[in-house]
2 protein chains.
Amino acid sequence: MERNNGSQTATWIWYPGDFEIRLHEKMSVKRKARDVMYPAFWRLDRHYSNVRFRCTYDLPQEEQIRILAEGTFSLYLDGKDNYRSDDSVYTLPAGRHEITVSVFNDVEVPALYIEGTNFRTGTCWEANSYQNDWVAAGSWTFDSPQDRPSRFRLAVTPQEPAAVEIRDGHPLLDFGRETFGYLRFHNLQGSGKVRIYYGESEAEALSPDKCYNLDRFEAGAAAVRANDGIFTLEDAKAFRYVWIHADPGVSWDRVSMLYEYVPVTYRSTFECSDPKLNEIYDMGLYTLHLNSREFYLDGIKRDRWVWSGDAYQAFLMNYYSFFDLDVTRRTLIALRGKDPLTMHFNTILDYSLYWFVSLYDYYLYTGDFAFIRQYYDRAATLMDFILKQRNEEGMLEGRPQDWVFVDWADFKNNGAVSTIQILLARSLEAMSMFAGQMGEEEEAASYGMLAEELKEKTMRLFWDDEKGGLLHHRVDGVTQPTLTKHAGMFAMTFDYLTPEQRESVVRNVILNPDVPQIRTPYMRFHEMAVLCESGQHDLVREEMRSYWGGMIALGATTFWEEYDPALADDAHYDMYGVPFGKSLCHAWGAGPVYLFGKYYLGVKPLSPGYETFVVEPRLGGLEWMKGKLPLGPGDAEVEMDERRIRVRATHGKGVLRYEKDGQTLEASIPVDGSWLEIEI
Amino acid sequence: MERNNGSQTATWIWYPGDFEIRLHEKMSVKRKARDVMYPAFWRLDRHYSNVRFRCTYDLPQEEQIRILAEGTFSLYLDGKDNYRSDDSVYTLPAGRHEITVSVFNDVEVPALYIEGTNFRTGTCWEANSYQNDWVAAGSWTFDSPQDRPSRFRLAVTPQEPAAVEIRDGHPLLDFGRETFGYLRFHNLQGSGKVRIYYGESEAEALSPDKCYNLDRFEAGAAAVRANDGIFTLEDAKAFRYVWIHADPGVSWDRVSMLYEYVPVTYRSTFECSDPKLNEIYDMGLYTLHLNSREFYLDGIKRDRWVWSGDAYQAFLMNYYSFFDLDVTRRTLIALRGKDPLTMHFNTILDYSLYWFVSLYDYYLYTGDFAFIRQYYDRAATLMDFILKQRNEEGMLEGRPQDWVFVDWADFKNNGAVSTIQILLARSLEAMSMFAGQMGEEEEAASYGMLAEELKEKTMRLFWDDEKGGLLHHRVDGVTQPTLTKHAGMFAMTFDYLTPEQRESVVRNVILNPDVPQIRTPYMRFHEMAVLCESGQHDLVREEMRSYWGGMIALGATTFWEEYDPALADDAHYDMYGVPFGKSLCHAWGAGPVYLFGKYYLGVKPLSPGYETFVVEPRLGGLEWMKGKLPLGPGDAEVEMDERRIRVRATHGKGVLRYEKDGQTLEASIPVDGSWLEIEI
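Residues numbered from 1 in each chain as written. Chains lettered and ligands numbered in written order. Predicted model: local features only at pLDDT ≥ 70, side-chain atom pairs only at ≥ 80, totals over all residues. Heavy atoms only, no water.

Student: So, the pairing of strand S14 (residues 163-167) of chain A: which residues are in play, and what are the values?
Tutor: All names here are of chain A. One ladder, built from five bridges, connects S14 with strand S15 (residues 170-186); its direction is antiparallel. Bridging from a neighbouring strand, Ile166 pairs with Pro171 of S15. With antiparallel pairing between neighbouring strands as the criterion, S14 and S15 make up a hairpin whose turn holds two residues, including Asp168 at a positive phi of roughly 50°. (Pairing = 2+ DSSP bridges. Helix = DSSP H or I, 4+ residues; strand = E, 2+ residues; numbered from the N terminus.)

Student: Tell me about the UniProt feature "domain: Alpha-L-rhamnosidase six-hairpin glycosidase" (unreviewed entry) in chain A, and please be specific about residues and values.
Tutor: If you check UniProt for "domain: Alpha-L-rhamnosidase six-hairpin glycosidase" (unreviewed entry), the listed places come out as residues 268-598 of chain A in our numbering. Along residues 268-598 of chain A the backbone is 54% helical and 5% strand, and the end-to-end C-alpha distance reaches 12 Å. (UniProt positions renumbered as here; feature names shortened; annotations may be inferred.)

Student: Describe in detail the environment of B:Ser102, supporting the description with residues and values.
Tutor: Here B:Ser102 is to be found in strand S8 (residues 95-104). When the C-alpha positions of B:Ser102 and B:Glu429 are compared, they lie 40 Å apart, and in sequence the two are 327 residues distant. When neighbours within four sequence positions are excluded, B:Ser102 is seen to be in contact with A:Met37, A:Pro39, B:Val51, B:Arg52, B:Thr72, B:Phe73, B:Ser74, B:Tyr76, B:Arg84 and B:Tyr130. A distance of 3.1 Å separates a polar atom in the side chain of B:Ser102 from a polar atom in the side chain of B:Arg84. (Contact = heavy atoms within 4.5 Å. Polar contact = N/O pair within 3.5 Å; in protein donor to acceptor, adjacent residues only side chain to side chain.)

Student: Lay out the sheet that holds strand S6 (residues 72-77) of chain B in plain terms, naming residues and giving numbers.
Tutor: Residues and elements named next belong to chain B. Taken in spatial order, the five strands of this open sheet run S6-S8-S4-S10-S11, and their pairing is antiparallel. Edge positions in the open sheet fall to S6 and strand S11 (135-136), since each of these has one partner strand only. Two elements, strand S4 (residues 50-59) and strand S10 (residues 126-128), share three bridges in a ladder whose sense is antiparallel. Looking at the pairing, Arg52 lines up with Asn128 of S10.

Student: Explain the relation of the copies chain B and chain A to me, and be specific about the residues and the numbers.
Tutor: When chain B is fitted to chain A, the best match, at an RMSD of 0.1 Å, comes from turning it 180° and sliding it 0.0 Å along the axis. Both copies are brought into coincidence by an operation consistent with a two-fold rotation axis. Taking C-alpha positions as reference, the residue of chain B nearest the rotation axis is B:Pro340, located at 2.5 Å. Most of the interface of chain B is mirrored in chain A, where 100% of its interface residues are also at the interface. (Least-squares fit on C-alpha atoms with pLDDT ≥ 70 in both.)

Student: Give a detailed account of the interface of chain B and chain A, specifying residues and quantitative values.
Tutor: The partner chain A presents 48 residues to the 47 residues of chain B that form the contact. Between chain B and chain A, a total of about 3,900 Å² is buried, with carbon and sulfur atoms accounting for 55% of that surface. In terms of surface lost to chain A, no three residues of chain B exceed B:Met37, B:Arg46 and B:Asn82, which account for 16% of the buried area on that side. The tally of links between chain B and chain A comes to two salt bridges. One salt bridge in this structure joins A:Arg22 and B:Asp106, with 2.8 Å as the shortest N-O distance. Where chain B meets chain A, there are 22 residue pairs in polar contact (both at pLDDT 80 or more). Elements with a minimum of two residues in the side of chain B that touches chain A: helix H1 (18-27), strand S3 (36-37), S6 and S8 of chain B. (Buried area = accessible area lost by both parts, 1.4 Å probe. Salt bridge = Lys/Arg side-chain N within 4 Å of Asp/Glu carboxyl O.)

Student: Before we move on, can you summarise the packing of aromatic side chains with the specific residues and values?
Tutor: Residue and element names in this part refer to chain B. Taken as a whole and judged by the stated rule, the model has 128 aromatic pairs over all chains. If you follow Arg293 out to its NZ or CZ, it ends over the ring of Phe180, 3.9 Å from the centre. One residue, Arg646, lies across the ring of Trp675, its end atom 4.2 Å from the ring centre. (Phe/Tyr/Trp six-rings, centres within 6.5 Å; stacked < 30°, edge-to-face > 60°. Lys NZ or Arg CZ within 6 Å of the ring centre and 35° of its normal.)

Student: Describe the domain arrangement of chain A, naming the residues involved and giving the relevant values.
Tutor: Here chain A is partitioned into domain 1 (13-149), domain 2 (155-261) and domain 3 (601-679). The centre of domain 1 of chain A, based on its C-alpha atoms, is set 45 Å off from the matching centre of domain 3 of chain A. (Domains from an automatic or database assignment.)

Student: Let's hear about the sheet that holds strand S22 (residues 416-417) of chain B: which residues, and what values?
Tutor: All names here are of chain B. Pairing is antiparallel across the open sheet formed by three strands, whose spatial order is S22-S25-S26. The sheet is open, and its two borders are formed by S22 and strand S26 (478-479), each paired with just one other strand. Pairing between S22 and strand S25 (residues 473-475): two bridges, direction antiparallel. Residue pairing across strands places Val417 opposite His473, the latter belonging to S25. Running over the sheet, helix H10 (residues 441-462) touches S22, S25 and S26 and is turned about 80° from S25. (Axes fitted to C-alpha atoms, helices over the stretch in contact; angles between N-to-C directions.)

Student: Before we move on, could you go through the UniProt feature "domain: Alpha-rhamnosidase-like N-terminal" (unreviewed entry) in chain A and cite the residues and values that matter?
Tutor: Residues annotated by UniProt as "domain: Alpha-rhamnosidase-like N-terminal" (unreviewed entry) correspond here to residues 51-244 of chain A. Between the C-alpha atoms that bound residues 51-244 of chain A the distance is 48 Å, and the span itself is 5% helix and 51% strand.

Student: How would you summarise unusual backbone geometry if you had to cite specific residues and measurements?
Tutor: In this structure, B:Asp303 follows B:Arg302 across a cis peptide bond, with omega equal to 10°. With an omega of 0°, the peptide bond between B:Asp339 and B:Pro340 qualifies as cis. In this structure, B:Pro340 sits in the loop between helix H6 (325-336) and helix H7 (349-366). Positive phi values are uncommon outside glycine, yet A:Tyr130 reaches one of about 65°. By the secondary structure assignment, A:Tyr130 is in the loop between strand S10 (126-128) and strand S11 (135-136).

Quick look at the structure:
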């Protein structure tokens, strides 16, 4: 999966991770609440300002190179650091030499670009932060002198409003559906104040005193900054509607916007006999796309932050849709940040653990071990940090400063929470696998043993035979009687339960109306997955129709942070005690993308990078369905109705599996990309 | 000693240490070698970009406040972080409330200034980096809205050259003595290149191809940037001479400079019967002053970096001269930097240890425990880091990535070096004392016990009865036979030796011509101090006359990094294989300032902040001497000739002590500031 910086093209290089960490620092303060900055409430890590790069070359003859840096630089040869040059053109002597370049930049990431006929910046280079840490330099697709890392911006394209009408004397623009970008005023004239009220809903835009996002500018000053007669607002916002109030004397020809986005490819499709589900699927894709940006965000209006638990789900949805690994990698790097580790990711204990599970999934879906290798040390030190927090029973507990989240729900998370132990066990399994692949046998065994011990202990201490599920937490050495769904769900997902236990968890916990219901789409994501894994596709389909379909019925064009059918009208839009505080375009709302791909079309990797995979399609009450899914570099296509299944794939070694009347049908999928068809 | 930010003046506040750490980052890249950047070769720590401040107030009535921030800010009351304001004027409601202000700044340090009639930024405020770390906010003397921390600059004042002559057709300016600052061209005219060759020596300025510092600019472009007809160069440099080459057609009226300096008070004086020593003393003061800048530098031409071992000596000299605590505190904070601790200060193991000894001295000389308290946690975590590096015998060893320096000398520093153990023991004693003052009895006892064990072990394993001193190092459990002066010197200074051992170290090691001689002024500083402590004042006086006097005889106007009388002419100026690589204004060259104050005038604190002190004057072969020294807030004056001693002091409880014919005379110094006079 790694882009190959071969010898033919020079590319900008930097200290690995620093591009992503700097970008994350910038993006984490983009959120505004009523035009007032609202920064992320965790430590924002920063790039190293003082770094150096080195590379050893062997040239048959001297060669002139051109050197560009983001920052001030100096170079020297063969360790002679008292003899430096900062000329932008330099002649490398022939023979074998080591070139070192110091770069300092305290604003943007120190980066280096060298081009010569035979010698240039690329994969042979190492970077160093003066901590005894010569490591492979970071790079991406910045392959020309002017394509500087600090200038990285997402793509933009113009969009026009779908409708404009006048409300109370002010134009209300409707862009037809939720979008994100920069408003533009064409031919702005006159002087006076302009106030813009944004709304994800019409009600929000029409509430100048309560809408979450607003903008204010002075028309005269703005017109001066126009390009080609167009004044573009500086900050991008999430909205569908805008209501524009201007002082008398201010005018413009029209208002449009620059839609800002990551240019992903929509690699997946899903179509079935139920048009409502098709609509849900497509809206899920769009919801996910809007939240796939510099990083996976929780929501594009609020918080516009990178949350590990939210990203964990977005990663999974992405593998079943765009399969864009750039956003994934940037997000994983930004979440890990730098040392010292003092607080958990986003201040949440569980969110540090989701990172390991996400890394595990990354490897499983992509097979890209080079990325894991580059960040293995950061994973290992994070695990060290976490393991120090185990109590005397060896169970992971939150410290007073930690937020143990699990879910928005009415239960206490003090003591050792079973869900946390299961996430830690999975994290240890991931580390064991990574260590093994790194050739670190001892560490692999050690992590593996810790995982086994923890799983055994967790099942022994939390499993309640009478209640038929995992109890919620254990305080001061005593397991408390609270029964919740969460631990059971994760234990099923990670395959930690016996068939009997699985069956019991589904019947006695997940489907038990006396166990507290899950109300957040965040945990419903996992609940739906678990129900699918138990073959409850019919139920899941009905749930999707009512829950996601319910939002559409209320006019949603993207899926929300939370949805409670019991609420009336505009009450849907409040959250956290804030009018219009609810995000109406929230990544975790896009769960159907994952569910349809993984559990209906049924495509799942069996080994890293889909080298082997299985297709287990389930109609779950549909008359027919068909769709396409990415298999890393290739694709799988699945078609199914009540009579037959057709599958073809252009990558890996796949097997079609179908259960009928207690029998399992299995057939190999042709490696030549031709269709496999079976009658059922 | 702490400046009191009382309730009457608003002041800028920030996360503690970040002002100093950001300033250090900027200054650490000011060094240039032949106009090419040469950054410090250690990790440069960075300020937190995302911080928040809080304060609880209780106002009888509402109050309007004005808010200024370096960076973007938002404030909220009583934890209601969804309701924020970024108005620059805000009305605080009456009653008891908590105000929180978020500030983000990724270029300069996030800082906050609030002024109201009764409420303002000051000592009541706390700062937080989102790491569960509400700590007292940092502040200094930035007490007005426009006096922003990011704009901090040292003072400047114009200086004119002492002489100008033409050499090879180009003007050579002599500023009379070593100086530091910005060259200025008055009424620059014409167009063409101007090249400036700087020299700490005339030979250096006259060597365009080899001088360490140079500047180049285009006259036309420069003239445009002139203010009031004066073009001032952007970067300050160290020099006495400048040789200016300009293309034909470029002209100017005259060249002067802006001398840049910390406005210290010369609080000490020393005068004696030997004019050469008086000259040495005054030149020492000037050398120290030039190196007392944003931080204590090693040298003003090279490296212009903050080195812990160098600063340790500058701190001591400062206590006996300017008693400027701002430069001291800034230097201590910058050296400690931030976590994670991966490398030692300046990459040198001993340099981490000198920091503790420096902190101990700081408290002893100033009595300012508030500063120690603020940085106690950073000291404790540094000690944790260091203690992890002990070998199985409990001795501190360098890791492969560590530089174990001790001194520029021909001995190996592998294994456990005795000097390192002694510095660690002293560091542990310092931590024990700090912990005790913090009320951390358990930690105090633990550090104290570690110190005692280490001292006992060090004396047992390194003391050689036959050689009468401490051996140098121990490799794989075997003490090696090398005898060096260093461990003995520090053991004497820290009072770790019995009277018999002291006497033996002086006779068998320090004064033994067969033990490798110390050649660096860096370690001669300690050697001279130890000789004085052994009553060898005559010898030290002769050494000062020949070593420091030798530099003056060669035309020095400030003291050098190194001096070898055996060298001829311009050979003095080379170092590290670099022509003119030697620094001719090096802080550690100013040692006589400390020696005359502490060991001739003989003023020493006995308890923190000179609450009690002793004056033990020694003529050491002089006919007479007199001088003045700071005692923290007060001063001591001492006059002595062969017949009598006169002392007076305006602070603390002092005792005059004088040994004569094996008898010790002691007399209390009047607390009313009047003179005490004794016949001797």
